[in-house]
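Each chain, letter by letter, is given below.
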Amino acid sequence: MASELTRMTAAETASAIAAGEVSAVEVTRAHLDRIEAVDPQVHAFLHVAGESAVSAARAVDERRAAGEPLGPLAGVPLALKDVFTTVDMPTTCGSRILDGWQPPYEATVTQRLRKAGVVILGKTNMDEFAMGSSTENSAYGPSHNPWDLSRVPGGSSGGSAAAVTAFEAPLGIGTDTGGSIRQPAAVCGIVGVKPSYGGSSRYGLVAFASSLDTPGPLARTVLDAALLHEVMSGYDPMDSTSVDAPVPPCVAAARQADVAGLRVGVVAEFSGEGYQAGVLARFGEAVELLESLGAKVTEVSCPHFEYALPAYYLIAPSECSSNLARFDAMRYGLRVGDDGTADAEEVMSLTRAAGFGAEVKRRIMLGTYALSSGYYDAYYGKAQQVRTLITRDFDSAFEQVDVLVSPTTPTTAFPIGARADDPLAMYLADLCTIPSDLAGNAALSVPCGLAPEDGLPVGLQVMAPVLADDRLYRVASAVEAALVQRWGHRLVDEAKGLGDD
Amino acid sequence: MPITRDEVAHLARLSRLALSDAELDHFAGQLDTIIAHVARVQEVAADGIPPTTHAAALTNVFREDVLVPPLGAAAVLDQAPAAEQGRFRVPRILTGD
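What comes next concerns the included structure. The shown structure was predicted, so the numbers you read here are calculated from the model rather than taken from an experiment.

## With respect to the overall build of chain A
And then number 1: Assigned secondary structure in chain A consists of 17 helices and 11 strands.
And then number 2: Seen through its principal axes, chain A has C-alpha atoms that stretch 65 × 55 × 45 Å.
And then number 3: Contacts spanning at least 24 positions in sequence make up 77% of the contacts within chain A whose residues lie at least 6 apart.
And then number 4: Here chain A holds 37 positive side-chain charges and 61 negative ones, and the gap between their average locations is 3 Å.

Here it is as C-alpha cells:
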C-alpha cells in the first residue's frame, strides 16, 4: 500500500514541507520504503542512494528551521535516469561497459536539482545508452510497467517513468532523443516533456546523439512537470548548444490551463494503418474535448513527417557511432582481453564486443555505414536534407496554428519480449515523437484515457514551436483538468499492476 | 542493394567490435532490413535542399579564455582499468615485427 506521502503531488509535497506539516526526511523515508516494497517487481531503479537522499532531505529541513527561503521543489524526491553523471552514485547508462563507473564530475541538471533542494533517490533503469523504446536493451534486465507487469514501461527513460507511475517518486528525469521521455510517459499514463533543444543542459549527460539529446521532466501532473521543467532548465555555458534565452513560463502556463481561442492543428499524417483503434478513439475524444474547451481545431498536413523515422535512423546512429567511440577500454570502464599479448586495438574490439548489447552494436554499425565514404551522400547527407524538410513542415504548420497534436504512440504498452528481436517494429514506437527531436521544438505527452481493448494508457502529444514550451503546459493542463473532473481522479490512480490502491 | 555478410564484417572491424560468426549472420539480416527502410530518405531529398546538422539556432559560441583548475591526476586515474606511475597503463600500440 502506498502511503499518503507517496500519493501526493510534488507541488503538494513542497508546500507541506514549507509549511512544516511534514519533514523532508519523512517524505524521503516514505519513498525509500515504497521503493523497497515495490521495486523488486517494477525494477525501476539500478541504484538506490538511501543515505545520501536522507542527508539531502535533512539539509532541506535544516534550511527551513533556519528560516532560509526554500525553492518550489525543496525536499521533493526524484528518480534520475542513469545517464547523468553524479559524483556520489555510479553512472552505468544501462550498459555493461560502464558497470560500476563512478564519474569524477557532476552534470549541470543534477547540480541544479541539488541546489534547489530536490532529493535524488537514486538512478533509474534505461535502454543501454538510451537506445530503445522498452528498457529491454538494459544490460541489467527490463523494468516493468506498473499497469501490467508483463508489459514494457516504454523507453528509453522507462525506469524513471515506471518509478513515477508506481509512486516510488513524484518526479523523474529522462532524456529524449527520439521520444524517450514522451513514449514511456504515454504508455505509463503520466506526463512527460521534451523541452526545446538547448533549453536544458547536456553537460554531464552521456552522449548518444548530441544534436538531438534533450533532458526533460516526468511527473504525475502537468503542474509538477512544469515546476521541474523550470528548476532543471536554463542557459549553461558548459554546454555549447545551450540556448541563452529565458526559460519559458511553464508554471504560469500550467496554472492558466486555458485553451480558449487557441489554434490547434491535428497532424493529418499520424493516423490510419499501424495505429491501434483504441489509441485513435481516445485521441479523437481528446481533440473533441479541446474543441469543447474553446480551442479552434483544424487539420494540418505535414507531408514529410513520414520520412522522419528513416531520417532519424540515419542521423541518430551516425552520431552514436561517433560518440560511442570514446568507450575504448583505455581510460575508464570495462577492459577485456588485456592479457599482455593483445594490442590496444584488439583489446578495444574485445571490450566493445563484450561490453555493448545488440542494439548498441547495430546502431554503431549502421552509423558507421551511413557515414562511410561512398554511402555518406546517399544516406547521412540525404537524412540531413530530410531534417530540413521536416523543420519546414513545422514552420509552415506553426504559421497556421499555435500547437500541433497527435497520439504520442501508435499503440499502448506492448508485452515484454514482443519486439525484442525485431528492431524495425521497436523503432515504430517512436513514429510520432521523432519529428520534434529532428526539428528541436518542444513537445509533451499527457494522459488522455485507456484504450478499451486492453485497458492501457494512451497519451496525447502536444507540439509547440521552439522556445514556446509554455504552450504545451497551457494545453495539457486544460486537458488534464477536464479529464480529472470527468473521471473523478487522475488516470495514474487506476494503475493496478502492483495489486495495491 | 542488399548488404552482404562481408560488408557487415568490414563495418564491425571499422567499429572496433570483435563479433562472433553467429552475431555477423544475425546482424547482416537485420541491418539489411533497416537499411532498406531508411533508404526511403532518397525519395524526397532533392538537390538544393540545405542540410540541417543540428536544431539549435546558434552559430559559433565564444567565451572568455579563463583558467579553471582541472580535475587532477588522482581523480582522472581513479576509474582507469589500469594505471601505473600516475599514468594510464594501456596495451601495446605497436606490433613487434
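The structure having been displayed, the exposition proceeds.
## Comments concerning unusual backbone geometry
And then number 1: S156(A) follows G155(A) through a cis peptide bond whose omega is 10°.
And then number 2: Positionally, S156(A) belongs in the loop between β3 (119–124) and α6 (158–165).
And then number 3: In this structure, R16(B) is a non-glycine residue whose phi angle is positive, near 55°.

## Digging into the pairing of strand β7 (residues 263–267) of chain A
Residues and elements named next belong to chain A.
And then number 1: In terms of burial, β7 is largely enclosed, as 4 of its 5 residues are buried.
And then number 2: Both β7 and strand β8 (residues 296–300) contribute to a ladder of 5 bridges, which runs parallel. Bridging across to β8, V267 finds its partner in V300.
And then number 3: The parallel pair β7 and β8 is bridged by helix α10 (residues 277–292), and the resulting crossover is right-handed.

## Structural notes on the sheet that holds strand β5 (residues 191–194) of chain A
Strand pairing in a sheet is mediated by backbone hydrogen bonds. Such pairs are either parallel or antiparallel.
Residues and elements named next belong to chain A.
And then number 1: Strand order in the open sheet made by the 11 strands is β1-β3-β2-β4-β6-β5-β10-β11-β9-β7-β8, with mixed pairing throughout. With partners counted over all chains shown, the strands left at the sheet margins are β1 (45–48) and β8, one partner each. Each neighbouring strand pair of the sheet contributes to a mean axis angle of 30°, computed without reference to strand direction.

## Topic: empty space enclosed by the protein
All names here are of chain A.
And then number 1: Within this structure, the stated rule accounts for 5 cavities of 30 Å³ or more.
And then number 2: Size it by volume and the largest cavity reaches roughly 110 Å³.
And then number 3: Around the largest cavity, the lining residues are G189, R220, V446, P447, V479, E480, L483, V484, W487, R490, L491 and V492.
And then number 4: Element by element, the count of residues in the lining of the largest cavity is highest for helix α17 (residues 469–487), at 5 residues.
And then number 5: Taken together, the residues of the lining of the largest cavity sort by class into 8 nonpolar, 1 polar and 3 charged.
And then number 6: Its residues assigned to classes, the lining of the second largest cavity comprises 7 nonpolar, 6 polar and 1 charged.

## A word on the pattern of salt bridges
Close approach of charged atoms allows side chains of opposite charge to pair.
And then number 1: In this structure the tally under the stated criterion is 25 salt bridges over all chains.
And then number 2: Ionic pairing is found between D493(A) and R7(A), a salt bridge with its closest N-O pair at 3.7 Å. On the criterion of sequence distance, the pair formed by D493(A) in the segment after α17 and R7(A) in helix α1 (residues 4–7) is long-range, its members being 486 residues apart.
And then number 3: A relative accessible area of 24% places D493(A) in the partly exposed class.
And then number 4: For R7(A), a relative accessible area of 22% puts it in the partly exposed group.
And then number 5: Linked by salt bridges that have partners in common, R335(A), D338(A), E84(B) and R89(B) make up one network.

## Looking at the layout of surface pockets
And then number 1: Of the voids in this model, the largest pocket is the one considered here, and its volume is about 460 Å³.
And then number 2: Tallied by class, the residues present in the lining of the largest pocket amount to 15 nonpolar, 4 polar and 4 charged.

## Re the nonpolar core
Residue and element names in this part refer to chain A.
And then number 1: Within the largest apolar cluster, 141 residues are counted, with the highest numbers of intra-cluster contacts made by F129, L404 and Y473.
And then number 2: In terms of residue count, the dominant contributor to this core is helix α11 (residues 308–323) (9 residues).
And then number 3: The residues contacting Y473, other than those within four sequence positions of it, are V193, P217, V222, A225, A226, H229, C250, A253, A254 and L444.
And then number 4: The next biggest cluster of nonpolar side chains, apart from the first, holds 26 residues, and it includes V27, I35, V38 and V42.

## Describing the side chain of R202(A)
Residue and element names in this part refer to chain A.
And then number 1: Structurally, the position occupied by R202 is in the loop between β5 and β6 (214–219).
And then number 2: When its relative accessible area of 17% is taken as the criterion, R202 is described as buried.
And then number 3: Within polar-contact distance, the side chain of R202 engages the side chain of T241 at 2.8 Å.
And then number 4: Sequence-distant contacts of R202, defined by excluding residues within four places in its chain, comprise Y197, S210, D213, D239 and T241.

## Quick notes on the interface of chain B and chain A
And then number 1: Chain B puts 53 residues into the contact, and the matching count from chain A is 64 residues.
And then number 2: Together, the buried faces of chain B and chain A total about 5,200 Å²; carbon and sulfur atoms form 66% of this surface.
And then number 3: Counting across the chain B and chain A interface gives 4 salt bridges.
And then number 4: Mapped onto the side of chain B that touches chain A, the elements with two or more residues apiece are α1 (5–14) and α2 (21–38) of chain B.
And then number 5: With 10 residues, the top contributor of residues to the side of chain B that touches chain A is α2(B).

## A look at the packing of aromatic side chains
How two aromatic rings sit relative to each other is set out by the distance from centre to centre and by the angle between their planes.
Residues and elements named next belong to chain A.
And then number 1: Scanning the model with the defined rule gives 15 aromatic pairs over all chains in all.
And then number 2: Centre to centre, the rings of Y105 and Y203 are 5.4 Å apart; their planes meet at 50°, and the pair counts as tilted. Separated by 98 residues along the polypeptide, Y105 in the loop between β2 (77–81) and α5 (108–115) and Y203 in the loop between β5 and β6 bring together distant segments of the chain.
And then number 3: The partly exposed category is assigned to Y105, whose relative accessible area is 29%.

## Quick notes on the environment of E291(A)
And then number 1: Considering the arrangement of structural elements, one finds E291(A) in helix α10.
And then number 2: Separated by 27 residues in sequence, E291(A) and V264(A) have C-alpha atoms that sit 8.8 Å apart.

## Re the pairing of strand β11 (residues 457–464) of chain A
All names here are of chain A.
And then number 1: By the criterion of burial, β11 is predominantly enclosed, with 8 of the 8 residues buried.
And then number 2: The side-chain alternation of β11 yields two buried faces, one formed by P457, G459, Q461 and M463 and the other by V458, L460, V462 and A464.
And then number 3: Where strand β9 (residues 403–407) lies against β11, 4 bridges are found, and the strand directions are antiparallel. Bridge assignment links S406 to a residue of β11, and that residue is Q461.
And then number 4: Alignment of strand β10 (residues 442–450) against β11, held across 8 bridges, turns out to be antiparallel. In the sheet register, P447 faces β11, and the bridge partner there is G459.
And then number 5: The turn linking β10 back onto β11 is made up of 6 residues, and G455 within it adopts a positive phi angle of 65°.

What counts, and at which threshold
Residues numbered from 1 in each chain as written. Chains lettered and ligands numbered in written order. Predicted model: local features only at pLDDT ≥ 70, side-chain atom pairs only at ≥ 80, totals over all residues. Heavy atoms only, no water. Helix = DSSP H or I, 4+ residues; strand = E, 2+ residues; numbered from the N terminus. Contact = heavy atoms within 4.5 Å. Lys, Arg positive; Asp, Glu negative; His and termini not counted. Charge placed at Lys NZ, Arg CZ, Asp CG, Glu CD. Buried < 20%, exposed > 50% of the residue type's maximum accessible area, 1.4 Å probe, protein only. Pairing = 2+ DSSP bridges. Right-handed = clockwise from strand over helix to strand, strands pointing away. Axes fitted to C-alpha atoms, helices over the stretch in contact; angles between N-to-C directions. 1 Å grid on protein atoms, 1.4 Å probe; cavity = no way out; pocket = protein on both sides within 12 Å on 5 of 7 lines; lining within 4 Å. Points joined across faces, edges and corners; volume = space filled by probe spheres on them. Nonpolar A, V, L, I, M, F, W, Y, C, P; charged D, E, K, R; others polar. Salt bridge = Lys/Arg side-chain N within 4 Å of Asp/Glu carboxyl O. Core = buried A, V, L, I, M, F, W, Y, C linked by side-chain atoms within 4.5 Å. Polar contact = N/O pair within 3.5 Å; in protein donor to acceptor, adjacent residues only side chain to side chain. Buried area = accessible area lost by both parts, 1.4 Å probe. Phe/Tyr/Trp six-rings, centres within 6.5 Å; stacked < 30°, edge-to-face > 60°.

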